Each structure stands twice: as structure tokens, then as C-alpha cells.
Amino acid sequence: MADCTVVRMDKWLWSVRLFKTRSLATDACNAGKVKINGTPAKPSRNVKVGEELTVQIEQIRKTIKVLALLDKRVGAPLVAQFMEDLTPKEEYSKIDILIKRPLLVRDRGTGRPSKKDRRDIDKVLL
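Conventions we followed
- Residues numbered from 1 in each chain as written.
- Predicted model: local features only at pLDDT ≥ 70, side-chain atom pairs only at ≥ 80, totals over all residues.
- Heavy atoms only, no water.
- Core = buried A, V, L, I, M, F, W, Y, C linked by side-chain atoms within 4.5 Å.
- Buried < 20%, exposed > 50% of the residue type's maximum accessible area, 1.4 Å probe, protein only.
- Contact = heavy atoms within 4.5 Å.
- Pairing = 2+ DSSP bridges.
- Helix = DSSP H or I, 4+ residues; strand = E, 2+ residues; numbered from the N terminus.
- Polar contact = N/O pair within 3.5 Å; in protein donor to acceptor, adjacent residues only side chain to side chain.
- Arc of directions from axis to C-beta.

Examining the nonpolar core
- The biggest cluster of nonpolar side chains holds 26 residues, and the ones touching the most others in it are Met9, Trp12, Leu13, Val16, Leu18, Val34 and Leu53.
- Among all residues touching Met9, those that are not within four sequence positions of it are Cys29, Val34, Ile36, Ala41, Lys42, Pro43, Arg45, Val47 and Leu53.

Printed below as a string of C-alpha cells:
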């Protein structure tokens, strides 16, 4: 499993369970949410041992160090052998803040939000 020498970025991200499907990993790479040293990484780029990746997953920006290469998906307990999570604690505290914050409350009978209202709501949440 770990004896492979070349692995695509999207396949490695999927293998270490950062994304549920490989196509989600590919979409994240294409959207510029996966970076290596501040440079966006394409899904076809080869991963190298020792590289530090920055991956934006929803509201969290994870920093990951590649410890080993693999091309098959592994169980969650084995993921620690292939990557090291260098994400600061502040990033994980963002989730706690989002969970504790009350959802936007709209008065009953005001109808659905307009497109502009929806954009404003998204700015507040992100």
C-alpha cells in the first residue's frame, strides 16, 4: 500500500479521508482549495513525501504534512501513518463557534429571502 512512488493529489486526498469521494477532492483542487506552499495544486499533480498541504474544507483550513504515499483508501485508524495534522487549534474552535451561534431568525410570514438577502446571509455565515 505505502510502496507506491507516484500518487495523484486528488487520489491521495481521497485515500487519507479528507474527502468522501475522489471527485470531491478533484473539485476542491480545481476550485483552488488545495494549496502547496501557497500555490494552488491541480488534481493531477504528484504528491511528495514531506510536503505541507493547505486544504480548505468548509469553514476549516487544514494544514497537513504528507508522511507517506498511498493509492488505496485506508481505514480511519491507519490515516495517522500517512499524514500529520498541523492545523492550529483556533481553526477547530471555529466549528464550536458556529455550532453555538444561533441560526438566523426570520419573522414568520416574511417569505423566502431574495437573492440579495441570501448573499448577505452567506457573508455573515462565512
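Examining the sheet that holds strand S5 (residues 83-85)
- Pairing is antiparallel in the open sheet, where 5 strands are placed in the order S2-S1-S3-S4-S5. What marks the edges here is a single partner per strand, and that holds for strand S2 (39-40) and S5.
- Relative to S2, strand S1 (residues 34-36) runs antiparallel, the two sharing 2 bridges. Within S2, the position partnered with Ile36 by the bridge is Thr39.

Considerations on unusual backbone geometry
- The phi dihedral of Arg17 falls on the positive side, at around 65 degrees, and the residue is not glycine.
- Mapped onto the elements of the fold, Arg17 is located in the loop between helix H1 (9-15) and helix H2 (22-30).
- Phi at Asn37 takes a positive value of approximately 55 degrees, unusual for a residue other than glycine.
- If you trace the backbone, Asn37 turns up in the loop between S1 and S2.

Describing the environment of Leu69
- Among the structural elements, Leu69 can be located in the loop between strand S4 (60-66) and S5.
- Judged by its relative accessible area of 7%, Leu69 falls in the buried class.
- Taking the C-alpha atoms as reference, Leu69 lies 6.8 Å from Val7; in sequence the two are 62 residues apart.

Observations concerning the side chain of Thr87
- Its place among the elements puts Thr87 in the loop between S5 and helix H3 (89-100).
- Thr87 sits in the buried class, given a relative accessible area of 10%.
- Within polar-contact distance, the side chain of Thr87 engages the backbone nitrogen of Thr63 at 3.0 Å.
- A polar side-chain atom of Thr87 sits 2.5 Å from a polar atom in the side chain of Asp85.
- Dropping the residues within four chain positions of it, Thr87 is found in contact with Arg61, Lys62, Thr63 and Tyr92.

Some points on H2
- Taken together, the buried positions of H2 are occupied by Ala25, Thr26, Ala28 and Cys29. In an axial view of H2, the angular spread of the buried residues amounts to 160 degrees, which keeps them on one side of the axis.
- Packed against the buried residues of H2 are H1 and S1.
- Two residues or fewer past H2, Gly32 is found with a positive phi of approximately 80 degrees.

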